[in-house]
Amino acid sequence: MSRLVRHLEDIVGEENVTDDEEVLWTYARDQQWPFVPPMRPDYVVRPKSREEVQAVMRLAYRERIPVIPYSAGINVRGLCIPTQGGIMLDMRKMNRILEINTEMMACVIEPGVTIAQLASECMKHGVRPAVPGCPATASAVANYSLRGLYHHQWKDGIENVLSMEVVLPNGEVLYTGSWGFPNSPGPYSRYGQGPDLTGLFQNQPGTMGVITKMCAKLFPYCDIKDWVVAGYDDLNELVRVILEFGKYEIGTSCMGMHWLGFAMIFSGRAEDVMEFKGTWGEYVVWLAIEGTEETKGRMEWEREMAENIVRNSNYVAGGEIFPMPEDLVNEMTYPRDVASWFRLGSYYAVPFFAQMKLAPVYHEETKKLWLKHGLDYDTCGWFIAPFDYCKHGQSCYYEVETWFDPTNEEERQKLINFTDEYHQKIIEMGAYAYFRPNPGNMSAALPLMGNYAKLWKAIKDLIDPHDIMNPGKVFV
Ligand SMILES: Cc1cc2nc3c(=O)[nH]c(=O)nc-3n(C[C@H](O)[C@H](O)[C@H](O)COP(=O)(O)OP(=O)(O)OC[C@H]3O[C@@H](n4cnc5c(N)ncnc54)[C@H](O)[C@@H]3O)c2cc1C
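Keep in mind it's a predicted model, so treat the numbers as computed, not measured.

1. Quick look at the domain arrangement of the protein chain
Quite often, the size of an interface is put as the accessible area lost when its parts meet.
For step 1, the next point in the chain: In terms of domains, the protein chain is made up of domain 1 (3-90), domain 2 (97-220) and domain 3 (224-434).
For step 2, the next point in the chain: Between domain 2 and domain 3, the contact holds 20 residues from the first and 26 residues from the second.
For step 3, the next point in the chain: For the pair domain 2 and domain 3, the summed buried area comes to about 1800 Å², and 63% of that belongs to carbon and sulfur atoms.
For step 4, the next point in the chain: If you sort the residues of domain 2 by the area they bury against domain 3, His151, Trp154 and Lys155 come out on top, with a joint share of 46%.
For step 5, the next point in the chain: The interface formed by domain 2 and domain 3 holds 1 salt bridge in total.
For step 6, the next point in the chain: The tally of links from domain 2 across to domain 3 stands at 0 residue pairs in polar contact (both at pLDDT 80 or more).

Below is the structure:
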């Protein structure tokens, strides 16, 4: 047995450390394996407390061993795949919900808490957490720290973190926000003195420290839901309609989609997906309106406003605002039936953030590049999701996506070539950020970001001078 394994066993107990090859290989790849080369860690370690995480980090810091924080491992971007081996720090044993505070509308959770666990506990208290459209087994801490796409994104935004307890690479502990003040009555405020240190540890895939606790926002539970769905041939018109919804703050969530993504969700069999082509036009928008018995009046007003906006637009879909298909209702209702998302094969996407009104320009450029690489336009999905803080379209989530056969080498290679060129193209098109980029994909953007990237790197070097935190994921 290696000296290191013995040290790790002293910290977390014999049953929580392994260097067994068979176990290590189970951590070596995820759904992105056609694009992110599989690699196994050298050890898997399962801490049970913050103190154990600190001791592991002190050891890794001293010995210069890479550490990959892993809270659920289903991030679909290769973000937990080692680039240099090291310790896979599997946080699933730290899975306590420490507080559900309906007065402060906040919860305190550990990283092993799943979205399902949190949502069901919250329901008992008449509240709900932010619910991403992902498998119920995702970690709330990992998801919120990366920021995501939520079923109520329009009203409540994508920012769900208030404050955090973080173990730094050298093993020291940092509290952010109001948690950082010794006599503060709780961790419920994001903003303490000085800069926003919570933000410093977000949107960085395990590269700055290990989050051991998080205080996250909660929202009122809504038990009444209504939808407005309409189809468009003209992407400009679809964007205009979404911006109108935003201007009047109508609905809790809204998404514009290419017909393919829409069909993917609710056609029962893969063979049926293509049948839907042209049924509602090229693009579909859906708006979810949610509330409770007490807010029914507001919901009715929202519905009427939304219908008016659609009726005054150039919509298609048989001249009707069509009813929300039942499977799409399920898609928007927790838990999501994610299996439908894989009907046409393995899922591939390049998501990014950019201005909403330019969607038609981005779409044209994307299409040109897609075709240039010999890819089939009929299998190119595209969706745009506006966010709370961008009601006016300042920032919007875009995703170009497809479903493919990963064993088809020719198809895989075409997607790799497209992706390489597209990462550069996204910047030329004026994007602000990639969304959870695959390891190495940031390299197209960093040299163009000037002092922004230099300062970011300097902060990273200060906090993690030996680059032991999930190396190769942002700075290569
Ligand atoms: C079919 C499908 C659909 C999805 N749809 C959506 C969607 O609509 N919206 C959405 O938001 N998400 C969606 N996702 C899920 C999303 O990919 C994950 O929730 C998210 O990336 C986090 O993944 P995870 O919980 O598995 O965390 P992990 O895979 O364990 O970790 C993700 C990253 O965070 C780091 N990390 C993990 N834990 C810690 C920690 N304690 N401290 C520091 N760093 C840490 C890891 O090192 C890694 O880099 C979807 C996923 C699938 C499979």
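The structure having been displayed, the exposition proceeds.
2. Quick notes on the sheet that holds strand 1 (residues 17-18)
For step 1, the next point in the chain: Across the sheet, 4 strands lie side by side as 1-2-4-3; this open sheet has mixed pairing. Where the open sheet ends on each side, the last strands, each with one partner, are strand 1 and strand 3 (67-70).
For step 2, the next point in the chain: Strand direction decides the pairing type here: strand 2 (residues 43-45) and strand 4 (residues 87-90), joined by 3 bridges, are parallel. What sits directly across from Val44, in strand 4, is Met88.
For step 3, the next point in the chain: Of the strands in this sheet, strand 1, strand 2 and strand 4 touch helix 1 (residues 3-12), which is tilted by about 10° from strand 2.
For step 4, the next point in the chain: Packed onto the sheet, helix 3 (residues 50-63) meets strand 2, strand 3 and strand 4 and runs at close to 170° relative to strand 4.

3. Notes on the environment of Val210
For step 1, the next point in the chain: Structurally, Val210 can be placed in strand 10 (residues 210-220).
For step 2, the next point in the chain: Setting aside anything within four residues of it in sequence, one finds Val210 in contact with Val53, Met57, Pro69, Leu89, Met91, Glu165, Val166, Val167 and Met469.

4. Regarding the pattern of salt bridges
For step 1, the next point in the chain: Throughout the structure, instances matching the rule amount to 32 salt bridges.
For step 2, the next point in the chain: The shortest N-O distance in the salt bridge between Glu237 and Arg240 comes to 3.0 Å. Of this pair, Glu237 and Arg240 both sit in helix 8 (residues 235-247), 3 residues apart, roughly one helical turn.
For step 3, the next point in the chain: Overall, Arg240 belongs to the partly exposed group, its relative accessible area being 36%.
For step 4, the next point in the chain: Connected through shared salt-bridge partners, Arg50, Glu51, Glu165 and Lys213 make up one network.

5. Some details on the site of the ligand
For step 1, the next point in the chain: Near the ligand, the surroundings consist of 32 residues, among which Pro69, Ser71, Ile74, Asn75 and Gly133 are the closest.
For step 2, the next point in the chain: At 2.7 Å, a side-chain N or O of Asn75 approaches an oxygen atom of the ligand.
For step 3, the next point in the chain: Between a nitrogen atom of the ligand and a main-chain N or O atom of Leu149, the distance comes to 3.0 Å.
For step 4, the next point in the chain: Isolated, the ligand exposes 970 Å² of accessible area, and the fraction of that covered by the protein chains is 95%.
For step 5, the next point in the chain: Among the elements of the structure, strand 3, helix 5 (140-146) and strand 10 are those that each provide at least two residues to the shell around the ligand.
For step 6, the next point in the chain: For the shell around the ligand, the leading source of residues is helix 5, giving 3 residues.

6. What to know about the environment of Leu448
For step 1, the next point in the chain: With respect to the helices and strands, Leu448 occurs in the loop between strand 17 (433-434) and helix 14 (450-463).
For step 2, the next point in the chain: Excluding residues that lie within four positions of it along the chain, Leu448 makes contacts with Gln424 and Ile427.

7. Examining the pairing of strand 14 (residues 346-354)
For step 1, the next point in the chain: Along strand 14, 9 of the 9 residues are buried, which leaves the element largely enclosed by surrounding structure.
For step 2, the next point in the chain: Residues Ser346, Tyr348, Val350, Phe352 and Ala354 line one face of strand 14 and the alternating positions Tyr347, Ala349, Pro351 and Phe353 line the opposite face, and both faces are buried.
For step 3, the next point in the chain: Sheet analysis places strand 14 next to strand 17, joined by 2 bridges and oriented antiparallel. If you follow Phe352 over to strand 17, its bridge partner there is Tyr434.

8. A short note on the pairing of strand 12 (residues 253-258)
The two faces of the sheet receive side chains in turn, since in a regular strand these alternate between them.
For step 1, the next point in the chain: In terms of burial, strand 12 is a largely internal element, 6 of the 6 residues being buried.
For step 2, the next point in the chain: Both faces of strand 12 are covered, namely the face carrying Ser253, Met255 and Met257 and the face carrying Cys254, Gly256 and His258.
For step 3, the next point in the chain: As paired strands, strand 12 and strand 13 (residues 283-291) are joined by 6 bridges and run antiparallel to one another. Its bridge partner lying in strand 13, Ser253 is registered against Ala288.

9. Remarks on unusual backbone geometry
For step 1, the next point in the chain: Backbone geometry at Arg147 places phi at a positive 60°, although glycine is not the residue there.
For step 2, the next point in the chain: Within the secondary structure, Arg147 sits in the loop between helix 5 and helix 6 (153-156).
For step 3, the next point in the chain: One non-glycine residue, Glu249, lies in the positive phi region at around 50°.

10. A few points about the environment of Pro38
For step 1, the next point in the chain: With respect to the helices and strands, the residue Pro38 is situated in the loop between helix 2 (21-26) and strand 2.
For step 2, the next point in the chain: Judged by relative accessible area, Pro38 falls into the partly exposed class, the value being 43%.
For step 3, the next point in the chain: Between the alpha carbons of Pro38 and Trp25 there is a distance of 8.8 Å; along the sequence they are 13 residues apart.
For step 4, the next point in the chain: Those residues in contact with Pro38 that lie beyond four places of it in its chain are Ala28, Arg29, Trp33 and Ile81.

11. Concerning helix 1
Since the α-helix turns once every 3.6 residues, residues separated by three or four places project in the same direction.
For step 1, the next point in the chain: Taken residue by residue, helix 1 has Leu4, Val5, Leu8, Glu9 and Val12 as its buried positions. The arc enclosing the buried residues of helix 1, seen along the axis, measures out at 135°, which places them on a common side.
For step 2, the next point in the chain: Contacts from the buried residues of helix 1 go to strand 1, strand 2, helix 3 and strand 4.
For step 3, the next point in the chain: Of the residues one or two after helix 1, Gly13 is the one with positive phi, at around 90°.

Criteria and cut-off values
- Here the residue index of a chain counts from 1 through its sequence in written order.
- With the structure being a predicted model, the display of local features is reserved for residues of pLDDT at least 70 and the display and counting of side-chain atom pairs for 80 or more, all residues being used for whole-chain, interface and lining totals.
- Derived side-chain values reflect all non-hydrogen atoms in the structure, with water molecules and hydrogen atoms excluded from consideration.
- Domain delimitation follows an automatic or database domain assignment.
- Pairs of residues are marked as contacts when any of their non-hydrogen atoms sit within 4.5 Å.
- Using a 1.4 Å probe, buried area is obtained as the accessible area two parts lose upon being combined, added over both of them.
- Any carboxyl oxygen of Asp or Glu within 4 Å of a side-chain nitrogen of Lys or Arg constitutes a salt bridge here.
- For this analysis, a polar contact is any N or O atom pair within 3.5 Å, provided that within protein one partner can donate a hydrogen and the other can accept it, and provided that sequence-adjacent residues contribute only side-chain to side-chain pairs.
- A strand pair is defined by DSSP finding two or more bridges across the two strands.
- Secondary structure elements follow DSSP: runs of H or I no shorter than four residues count as helices, runs of E no shorter than two count as strands, and numbering proceeds from the N terminus.
- Axis definition: a line fitted to C-alpha atoms, limited for helices to the stretch in contact. Angles are taken between N-to-C directions and run from 0 to 180 degrees.
- Each residue gets one of three labels from its accessible area relative to the maximum for its type: buried under 20%, exposed over 50%, partly exposed in between, using a 1.4 Å probe on protein chains only.
- The near set for a molecule or strand comprises every residue that places at least one heavy atom within 4 Å of it.
- All accessibility values rest on the Shrake-Rupley procedure with a 1.4 Å probe; residue burial counts only the protein chains present in the view.
- Each direction from the helix axis to a C-beta atom contributes to the arc, which is the arc of those directions.

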